[in-house]
Amino acid sequence: MRVIVQRSKNAKCYVDDSITGQIDMGYMLLVGFTHTDTLKEIEHLAKKIIGLRIFEDEEGKLNKSILDVNGSILAISQFTLYADARKGNRPSFTEAMSYQQANELFLCFVDELKKYNVEVATGVFGADMQIEFTNVGPTTIILDSRDLI
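All values derive from a computational prediction rather than experimental measurement. (Residues numbered from 1 in each chain as written. Predicted model: local features only at pLDDT ≥ 70, side-chain atom pairs only at ≥ 80, totals over all residues. Heavy atoms only, no water.)

J.: Account for the pairing of strand β2 (residues 18-23), naming residues and giving values.
T.: Relative to β2, strand β1 (residues 2-15) is paired through five bridges, and the arrangement is antiparallel. Pairing of valine 15 across the sheet is with serine 18, part of β2. Count of turn residues in the β1/β2 antiparallel hairpin: two residues, of which aspartate 16 carries a positive phi of about 50°. (Pairing = 2+ DSSP bridges. Helix = DSSP H or I, 4+ residues; strand = E, 2+ residues; numbered from the N terminus.)

J.: Quick one: what's the story with the packing of helix α1 (residues 39-51) against helix α2 (residues 99-114), residue by residue and with numbers?
T.: The geometry of α1 relative to α2 is characterised by a closest axis approach of 9 Å and an angle of 40° between their N-to-C directions. Accordingly, the angle class assigned to the pair α1 and α2 is oblique. Of the two elements, α1 crosses α2, and the hand of that crossing is right-handed. Of the residues in α2, those in contact with Leu39, Ile42, Glu43, Ala46, Ile49 and Ile50 of α1 are Leu105, Cys108, Phe109, Glu112 and Leu113. (Axes fitted to C-alpha atoms, helices over the stretch in contact; angles between N-to-C directions. Parallel < 35°, antiparallel > 145°, perpendicular 65-115°, else oblique. Left-handed = near helix turned anticlockwise from the far one by under 90°. Contact = heavy atoms within 4.5 Å.)

J.: Hey, could you go over unusual backbone geometry for me, with residue numbers and the actual values?
T.: Looking along the chain, the bond that leaves glycine 137 and enters proline 138 is cis, with omega of -10°. Inspection of the secondary structure assignment puts proline 138 in strand β8 (residues 130-144). The phi torsion at aspartate 16 lies on the positive side, around 50°, for a residue other than glycine. Along the chain, aspartate 16 turns up in the loop between β1 and β2. A positive phi angle, near 65°, is found at aspartate 17, a position not held by glycine. Position of aspartate 17 among the secondary structure elements: in the loop between β1 and β2. Here aspartate 17 falls in the exposed class, since its relative accessible area comes to 74%. (Buried < 20%, exposed > 50% of the residue type's maximum accessible area, 1.4 Å probe, protein only.)

By themselves these figures say nothing about function.
Written out as structure tokens, the structure is:
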């Protein structure tokens, strides 16, 4: 499981010119799954994301979590996080989990984040989405479950 965590001033997801998910300050997450991912990876990464201290405290240090700042999350499914572009110019997506399985795990991931009493908005799984957000800092953290478990 891979998640790109981006500290955001605001974020919106559009599908067919309609807003499907929107947040103010918090995280914009891009979330991808591979064949071996399970609920274990979901639980671990959700806990890690909620606990990340990448918001500034009163002294300007990155010392506060999303819960400390009452932030929200916009979570976007993104199978392309498992693109392999090592050979040739056309990426392979064979490491990405199948559509149905990934959709189920994505919904589980959203539910797991919500257990921490944080507002979570989403895009539309599998849709052609346009994402608009303001990355603060910019602060971008790449999490891969293989590196954390």
